[in-house]
Each structure stands twice: as C-alpha cells, then as structure tokens.
Amino acid sequence: MGIKPKELSKLGYTDNIARSLALNIISKYCKHNTKEVIKTTLTDLLDNPEKYKGDGIWGKLAEHFAPTIIDKQFSVYDLSDTPLSYKTYGGKFIESLAKQQMELAMRLPVTVGGALMPDAHAGYGLPIGGVLAVENAVIPYAVGVDIGCRMSLTIFDAKADYLKRYPHQIKEALKEFTHFGMDGCLGFPQEHEILDRKEFQLTPLLRMLHGKVVRQLGSSGGGNHFVEFGEIELIENNILNLPSGNYMALLSHSGSRGMGAAIARHYSDIAREVCKLPREAQHFAWLGLDTDAGQEYWMSMNLAGDFAQACHERIHINLSKALGLKVIANVNNHHNFAWREEIAPGRYAIVHRKGATPAGKGIAGFIPGSMATAGYLVCGKGNADSLNSASHGAGRAMSRQKAKEQFTQSALKKLLSQQQVTLIGGSVEEMPLAYKDIDRIMPAQESLVEIHGRFMPRIVRMNKE
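Residues numbered from 1 in each chain as written. Predicted model: local features only at pLDDT ≥ 70, side-chain atom pairs only at ≥ 80, totals over all residues. Heavy atoms only, no water.

As recorded in an unreviewed UniProt entry, the protein chain goes by 3'-phosphate/5'-hydroxy nucleic acid ligase and comes from Dysgonomonas hofstadii. According to the UniProt record, the Catalytic activity (unreviewed entry) comment for the protein chain reads "a 3'-end 3'-phospho-ribonucleotide-RNA + a 5'-end dephospho-ribonucleoside-RNA + GTP = a ribonucleotidyl-ribonucleotide-RNA + GMP + diphosphate". (UniProt positions renumbered as here; feature names shortened; annotations may be inferred.)

(A) Just the side chain of Arg458, in detail. As for its placement among the helices and strands, Arg458 is situated in strand E19 (residues 449-462). Here Gln419 takes part through its backbone oxygen, which lies 3.0 Å from a polar atom of the side chain of Arg458. With residues near it in sequence (within four places) discarded, Arg458 still touches Leu163, Phe229, Gly230, Glu231, Gln419, Gln420, Val421 and Thr422. (Helix = DSSP H or I, 4+ residues; strand = E, 2+ residues; numbered from the N terminus. Polar contact = N/O pair within 3.5 Å; in protein donor to acceptor, adjacent residues only side chain to side chain. Contact = heavy atoms within 4.5 Å.)

(B) Structural view of the sheet that holds strand E12 (residues 337-344). The five strands lie next to each other as E2-E3-E4-E13-E12, forming an open sheet whose pairing is mixed. On the outer flanks of this sheet lie strand E2 (87-88) and E12, each paired with one strand and no other. Two elements, E12 and strand E13 (residues 347-354), share seven bridges in a ladder whose sense is antiparallel. Each residue of the ladder has a partner; that of Phe337, found in E13, is Arg353. Each of strand E3 (111-121) and strand E4 (128-134) touches helix H5 (residues 96-105); the most contacted strand, E3, lies at about 170 degrees to it. Packing against the sheet, helix H11 (residues 292-323) makes contact with E12 and E13, and its axis sits at approximately 105 degrees to E12. (Pairing = 2+ DSSP bridges. Axes fitted to C-alpha atoms, helices over the stretch in contact; angles between N-to-C directions.)

(C) Spotlight on the UniProt feature "binding site: Mn(2+) 2" (unreviewed entry) in the protein chain. With numbering matched to this structure, UniProt assigns "binding site: Mn(2+) 2" (unreviewed entry) to His253 and His335. A maximum C-alpha distance of 10.7 Å places the annotated residues, which cover 83 residues in sequence, within one compact spot. Residue classification places His253 among the buried residues on the basis of a relative accessible area of 7%. Setting aside residues up to four positions removed in sequence, His253 forms contacts with Cys149, Arg150, Met151, Asn224, His225, Phe226, His312 and His335. A distance of 3.2 Å separates a polar side-chain atom of His253 from the backbone oxygen of Asn224. Relative to the elements of secondary structure, His335 occurs in the loop between strand E11 (327-334) and E12. By relative accessible area, His335 is classed as buried at 3%. (Buried < 20%, exposed > 50% of the residue type's maximum accessible area, 1.4 Å probe, protein only.)

So this is what it looks like as structure tokens:
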C-alpha cells in the first residue's frame, strides 16, 4: 500500500532525506501492509526513535532522527583451539564439508554439546542435519531461514484403495486447495487464531510482517516443499494406537514462508553486529538470551513456528473437507528451530536442530525419503548422545544445481511412472536420485528411532520451479 510524500509530511516527515528513507522502506518491505499499519509504525518511530535502534528495516530511518541512539557496542570472541567431541550417525553418508562445519560449530565458546545426523549435508554455518546445544544464547543461522519448517502427516478413515478409486478428485483438490511459491496465496481467505496473536504488535518487524502472514496462511514454499497423498502401512501396537493395516494419508512439508526468512535475516544482521567472530565463523553469531534482541528473536522464532504449524493445519483442513475425508490421527514435528531442553540431569541448554527433528523418548515423528521413495512414521528413543534428535529426511546427495545439470524432465517422468507416482508441478531439482537412499539412512539411526509405519507417496504437488 503506497504512501505519498504529502502524507509523510503531515505525519512529521518534513525533510527530503527522511521522506526518501521512508518511501524506500515502504516500497521494499511494506507491500502487504495496510496504509493504517504503515502510518502507525511511522508515527511511533518518530515519537520513539530509540525503540527502533538496530532494527534491520527501520534502523536507518530512526538513526536519521536520533543518530546518537544507535548502540555500536559489540563483543569479540575467539574460537577454541579444538572442537568439543560430538556423536556422528551414518558418517559414511556425510560429505566432509558438513563434518568440517560441525567441527567449527563445536569450537564456539558457548557450545556445550552437538550431534550430526545421517542425512547431513553442507549448509550456511551449521550443516543441515546438525544439532547444536549452547549456553544461554540462540544462533539465528543455526535455526535457519525457514524457521519451524515441519512435516505434518494426517491419516484418514479411508483405506489405501481410495487413491486408485478417486485419483481425479485428489488431483483437482490439490490444484485448487494448495498454493506454492513466494509470490501469491490461495484464492480464498484463510482463518486461524494465529492471525490474532498479540505478538504481532510487540515489535516493528512483526507488525510489518502481519500482512504477509495473512496473505500466505495455508500456502507452501518452493524448493523441496510438497503436499502429497499416499498410503501408509502401520505396524501393530503403533504409537498412534490405530489398528495395524493400510490407510490413506496426507503428508505436507513446508515452513514459515516469508515471515521466517525476514526474521532470520533481521536478527542474523543484529547478531553479527554485536557478536564478532573470526571470519570463518561469522554465520554462528549469537544473541544472548539475557539481551533484548535475544528475547525478541526467541519470541519471533516461536511465533514463526506457530505460523508454520497453522499453515499445515489449514492445508490439511482444506483438503480433507474438499474430499469429504475424516481425520483419525495427525503427527507433526518440526526442524529449523531452537528449544530449551535438559541435556543432562539438572543441566539445561538451548538445542538448535537445523534439518534435524526431536526424537525424545515416546515422541512421534515422520522422516520422509523423496517423492518416489518411502517415508517412515517413527517413535523417538530419547538417545542422549544425539541430544534426543533424529534426521529430518533422507538428505540431499547432490545440490539442486547439480541435479539440474545431470537430470532431464523426461528422466524424472520415467522414474515416477515406474514408481506409480503422479507429480503436479515440481522440477528436476527434486529428482529422487538427487537424494540419499532413505533405506540406508534409517538403519544408521536405529538407536535414535523405532519405525512404526511406512508411507509411500502416490499423488504429489510441488512448486513449478
């Protein structure tokens, strides 16, 4: 929603520099906000510029009105000479760069524990599949950009043969009631209590993001995010307390959309300003939980995680209603998050799981393979060596760019046809052969989880890259 220079002048932005800064911020970051929300923020900033100090979006404008308020204090930290020891699962499946990144994380002065999952591969800072416990601090980049990304599995009262009897209806429902990519949203409004959460009024960034949250609720991101129907076979005495047998199920994978990315960028910038580390470790800059910025990030991260869950809830509600299906069980577990957990008797730490999922004793979870391979309903064993964690999937065997160079669309279609999988959207970047073999990854974490069900995708919807 645009604001004209004359309107800015009436708000008190009377000089050209202030108006120019404000207009630039509005055009770049406030596309999904109402004019009323933008005016409220601008008025508040003018009255209380110190409140916006260090803000990644409004900070420069605040500095224009009160240059002395910007706090330039920072602390410089060195790394330990040797990394703390940590447990690696399925090490033969993990590339050396991911192991090097994990070792660097274990040299941080705040680190107290860690583990590396069998699906691990290189990322930014902490490797994907890395688990890191630190003392009284949170590392935005160790949480990741897609905060609270998760798997959500819904099991219906329908048998697996529903997939063969009603494939057309399922495809149409996926086309009509799911949306992928960063550009848009579903064609009809979504309702959820997340939209009324008071946290959206507590920081300038969250106020600005509320419009985007409204717009993106119930949709999914790009990349490896998906919504798919398939069949699941449950064992006897499974964690869901359902009779053993074959059921129709819905599985989705996505996170906190643009909200999580904006929070990650904003607080990562602040962390790098106040926490100076050697160049090779800059992505591990942290925020102390005894600081205002640390508490703001913690609140924002938890809100983003709840928003990610809300998106899955709306996706599953919309599709089950469209097909007239009754839900009998749901399992959802998230990665790209930080938790305060007891890592030893009486000792608590902040546990980051970037591309790794909680696997505490008796905790249900889901570990996917690819669009053409099995995924597994699991029950955590609560292994302390892994910091009560397990893999979040099979893990990539090659980068998206390498997959684009190596595979063709026709090869993807042929492989999916052989596996009796229908794909709507998608690209060769998500070629199943670009992923590790899930049936080699699962044995590598037998000490972490117990398998209670096997899911096979049948009709898959992804973003068209």
